[in-house]
Amino acid sequence: MPATVGPAMLRYVLTGTPGAGKTAMLRLLEISGHAVVEEAATDVIALEQALGRDTPWTDPRFIDKVVILQRQRQSTARPATATGPVFFDRSPVCTLAVSKFLGHPATPVLAAEIERIVTERIYQPTVFFVRNQGSIQATAERRISYQDSLAFERLHEHTYRQLGFTITDIPAGPLADRVRLLQETVQRHQQ
């Protein structure tokens, strides 16, 4: 099981089904003064679509592009304060779940990154699992049915647990309540 990383760089992951509200939570955390790191997959998809590739996730190289961007963002992330946490919208564990969901084998790049983050204890062992809100809104980057998103949610949860992470649920509800629950949990962990 992953152990806690040093107190100067507490890295917490927010994960869950697409459209669950992770990005909105990240924005509120950021406005509250916390350091945040954006999701890589959405940005990779947006760039690939801008380059004329409508469904970039069908290309097995998509996974490596996401992993490389995640690693860049993880390595350059800095906490807002010397002891403040950094909140990540997804991690390479999510990319492993995406790879499984899409039927792509784990690439050597992905496998090495999973090994690295587990061995080096890059992220806190507690992962915030943002539960779905009961529906999903399609976007250019998010083309998944609600039923498929529920299967995707279960796969994410299973993948994190399989790697030894503990899941802390963030249930559906108002944004402010969800962020407050997350902040209270982090405060308890720091005591």
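Above this text sits the structure in question.
Let me sum up the structure you'll find in this document.

Conventions and cut-offs
- Residues numbered from 1 in each chain as written.
- Predicted model: local features only at pLDDT ≥ 70, side-chain atom pairs only at ≥ 80, totals over all residues.
- Heavy atoms only, no water.
- Helix = DSSP H or I, 4+ residues; strand = E, 2+ residues; numbered from the N terminus.
- Buried < 20%, exposed > 50% of the residue type's maximum accessible area, 1.4 Å probe, protein only.
- Contact = heavy atoms within 4.5 Å.
- Core = buried A, V, L, I, M, F, W, Y, C linked by side-chain atoms within 4.5 Å.
- Pairing = 2+ DSSP bridges.
- Axes fitted to C-alpha atoms, helices over the stretch in contact; angles between N-to-C directions.
- Expected span 1.5 Å × (residues − 1).
- Arc of directions from axis to C-beta.
- Left-handed = near helix turned anticlockwise from the far one by under 90°.
- Nonpolar A, V, L, I, M, F, W, Y, C, P; charged D, E, K, R; others polar.
- Phe/Tyr/Trp six-rings, centres within 6.5 Å; stacked < 30°, edge-to-face > 60°.

## Here we look at the overall build of the protein
Here is step 1: For the protein, the helix and strand inventory stands at seven helices and five strands.
Here is step 2: The helix and strand sequence of the protein, counted from the amino end, reads β-α-β-α-α-β-α-α-β-α-β-α.
Here is step 3: For the protein, with 191 residues in total, the buried portion stands at 49%.
Here is step 4: Within the protein, counting contacts between residues at least 6 apart in sequence, those at least 24 apart form 78% of the total.

## Let's talk about the nonpolar core
Here is step 1: Within the largest apolar cluster, 33 residues are counted, with the highest numbers of intra-cluster contacts made by Phe62, Val86, Tyr123 and Tyr160.
Here is step 2: Counting only elements with at least two residues in this core, the list comes to β2 (35-37), α2 (40-50), α3 (61-76), β3 (86-89), α4 (92-102), α5 (108-119), β4 (126-130) and α6 (146-162).
Here is step 3: The leading source of residues in this core is α3, at five residues.
Here is step 4: By size, the runner-up hydrophobic cluster in this structure holds 15 residues, among which are Ala20, Leu29, Val130 and Val186.

## Topic: the environment of proline 18
Here is step 1: Among the secondary structure elements, proline 18 is positioned in the loop between β1 (11-16) and α1 (22-31).
Here is step 2: For proline 18 and tyrosine 146, which are 128 residues apart along the polypeptide, the C-alpha to C-alpha distance reads 9.2 Å.

## Describing the sheet that holds β1
Here is step 1: What the five strands build is an open sheet, ordered β2-β3-β1-β4-β5; its pairing is parallel. Each edge of the open sheet carries a strand with a single partner, namely β2 and β5 (166-170). Across this sheet, the average inter-strand angle for adjacent strands is 30 degrees, counted without regard to direction.
Here is step 2: Strands in contact with α6 are β1, β4 and β5; relative to β4, the strand with the most contacts, it is inclined by about 175 degrees.

## Details of α5
Here is step 1: If you check α5, its first and last C-alpha atoms are 16 Å apart, about what twelve residues at 1.5 Å a residue would give, namely 16 Å.
Here is step 2: Restricting attention to buried positions, one finds in α5 the residues Leu110, Glu113, Ile114, Arg116 and Ile117. In an axial view of α5, the angular spread of the buried residues amounts to 165 degrees, which keeps them on one side of the axis. Turned more than 90 degrees away from the buried face of α5 sit Pro108 and Glu115, all of them exposed.
Here is step 3: Next to the buried residues of α5 lie α3 and α4.
Here is step 4: Directly beyond the C-terminal end of α5, a positive phi value near 55 degrees is found at arginine 121.

## Some words on the packing of α4 against α5
Here is step 1: Two elements in contact, α4 and α5, have axes whose closest approach is 9 Å; the angle formed by their N-to-C orientations is 145 degrees. The handedness of the crossing between α4 and α5 is left-handed. Residues Pro92, Val93, Thr95, Leu96 and Ser99 of α4 pack against Leu110, Glu113, Ile114 and Ile117 of α5.
Here is step 2: Taken together, the residues of the contact of α4 with α5 break down into six nonpolar, two polar and one charged.

## A look at the packing of aromatic side chains
Here is step 1: Taken as a whole, this structure holds five aromatic pairs when the rule is applied.
Here is step 2: Taking 5.6 Å as the distance between ring centres and 50 degrees as the angle between the ring planes, the aromatic pair formed by tyrosine 12 and phenylalanine 128 counts as tilted. Placement of tyrosine 12 in strand β1 and of phenylalanine 128 in strand β4 is noted, with a sequence separation of 116 residues between them. Residue tyrosine 12 shares its accessibility class with phenylalanine 128, and that shared class is buried.
Here is step 3: Through a chain of ring-to-ring contacts, three or more aromatic side chains come together here, namely Tyr12, Phe87 and Phe128.

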